Amino acid sequence: MIGISVDSSPANKVFAEQNGFTFPLLSDFKRTVSKEYGILNEEYGFANRATFVIDTDGIIRHIDKDRDAIDPSGAHAACSLLEHKKS
Amino acid sequence: MLRRIQLAPTLFALALGCSAAAQAGPLSVGDKAPDFTLPDQHGNKVHLGDFLGNKNVVLAFYVLAFTGG
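Residues numbered from 1 in each chain as written. Chains lettered and ligands numbered in written order. Predicted model: local features only at pLDDT ≥ 70, side-chain atom pairs only at ≥ 80, totals over all residues.

(A) Layout of the overall build of chain B. Within chain B, the secondary structure is distributed over 2 helices and 3 strands. When the helices and strands of chain B are listed from N to C terminus, the series reads α-β-β-α-β. Residue burial in chain B is summarised as follows: out of 69 residues, 14% are buried. (Helix = DSSP H or I, 4+ residues; strand = E, 2+ residues; numbered from the N terminus. Buried ≥ 20, exposed ≤ 12 C-beta atoms within 10 Å, placed from the backbone.)

(B) Layout of the interface of chain B and chain A. Contact residues are listed per partner, giving 32 residues for chain B and 44 residues for chain A. Looking at the side of chain B that touches chain A, the elements with two or more residues in it are strand 1 (37–39) and strand 3 (57–61) of chain B. Per-element tally for the side of chain B that touches chain A: the top contributor is strand 3 of chain B, with 5 residues. Residue composition of the side of chain B that touches chain A, by class: 20 nonpolar, 8 polar and 4 charged. Both strand 5 (residues 50–54) of chain A and strand 3 of chain B contribute to a ladder of 5 bridges, which runs antiparallel. Looking at the pairing, valine 53 of chain A lines up with valine 58 of chain B of strand 3 of chain B. (Contact = placed C-beta atoms within 7 Å. Nonpolar A, V, L, I, M, F, W, Y, C, P; charged D, E, K, R; others polar. Pairing = 2+ DSSP bridges.)

(C) Examining the pairing of strand 5 of chain A more closely. Residues and elements named next belong to chain A. With 5 of its 5 residues buried, strand 5 lies for the most part within the structure. Burial of the side chains of strand 5 extends over both faces: Ala50, Phe52 and Ile54 are buried on one face and Thr51 and Val53 on the other. Relative to strand 6 (residues 60–65), strand 5 runs antiparallel, the two being bridged by 5 bridges. Its bridge partner being in strand 6, valine 53 is matched across the sheet by histidine 62. Where strand 5 hands over to strand 6, the hairpin turn is made up of 5 residues, of which glycine 58 adopts a positive phi near 80°.

(D) Looking closely at the nonpolar core. Judged by nonpolar contacts, the single largest core of 26 residues is most densely connected at Ile4, Ala47 and Phe52 of chain A together with Phe61 of chain B. For this core, the secondary structure elements donating two or more residues are strand 2 (25–27), strand 4 (46–47), strand 5, strand 6 and helix 3 (73–86) of chain A together with strand 3 of chain B. Composition of this core by domain shows at least three residues from each of domain 1 (1–48) and domain 2 (52–87) of chain A. Not counting the four nearest positions on each side in its chain, phenylalanine 52 of chain A is found in contact with Tyr37, Ile60 and Ile63 of chain A together with Ala33 and Leu59 of chain B. (Core = buried A, V, L, I, M, F, W, Y, C linked by C-beta atoms within 7 Å. Domains from an automatic or database assignment.)

(E) Here's a closer look at the domain arrangement of chain A. If you check the domain split of chain A, you get domain 1 (1–48) and domain 2 (52–87). Computed over C-alpha atoms only, the centres of domain 1 of chain A and domain 2 of chain A are separated by 19 Å.

(F) Molecular detail of the sheet that holds strand 5 of chain A. Across the sheet, which stays open at both edges, the 5 strands sit in the order 2(A)-1(A)-3(B)-5(A)-6(A) with mixed pairing between neighbours. Two strands in the sheet have a free side with no partner beyond their single neighbour: strand 2 and strand 6 of chain A. Going across the sheet, the axis of each strand differs from the next one's by a mean of 20°, ignoring polarity. Across 3 bridges, the pairing between strand 1 (residues 2–5) of chain A and strand 2 of chain A is parallel. Residue pairing for strand 2 of chain A: serine 5 of chain A is matched across the bridge by serine 27 of chain A. (Axes fitted to C-alpha atoms, helices over the stretch in contact; angles between N-to-C directions.)

Shown next, in the form of structure tokens:
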């Protein structure tokens, strides 16, 4: 699990501490990755909410965007499928 | 006297040569995930490629910190 936003690293540090997150929160301060993944909100300059599940070969296996990305069950199900494929 | 410079075919060829470059559309399932290196909350560089080969990755983009997003 990796989180990404356009926040600065210090802001992400406080955000992670306040919420007890132990996974990496990455800072896409320059918006390059958000743009590359096609989810940069050009008007306001931040990344829209989205979840991508990427397999061990680097292939995107599942995408949730906007409201769908609030509910993690889609990403969770995609991960379970990938785990089953491995075993 | 009768010699005329035939520009038209030349211009036409140039126009063909300037056809639009291929545009990258939004990512879809089955596409290769674009690689990246970004700093985490501790200032360590995290490279997506380092996870590949042994771990599936859930990449969660959130709107802004402190917004519940």
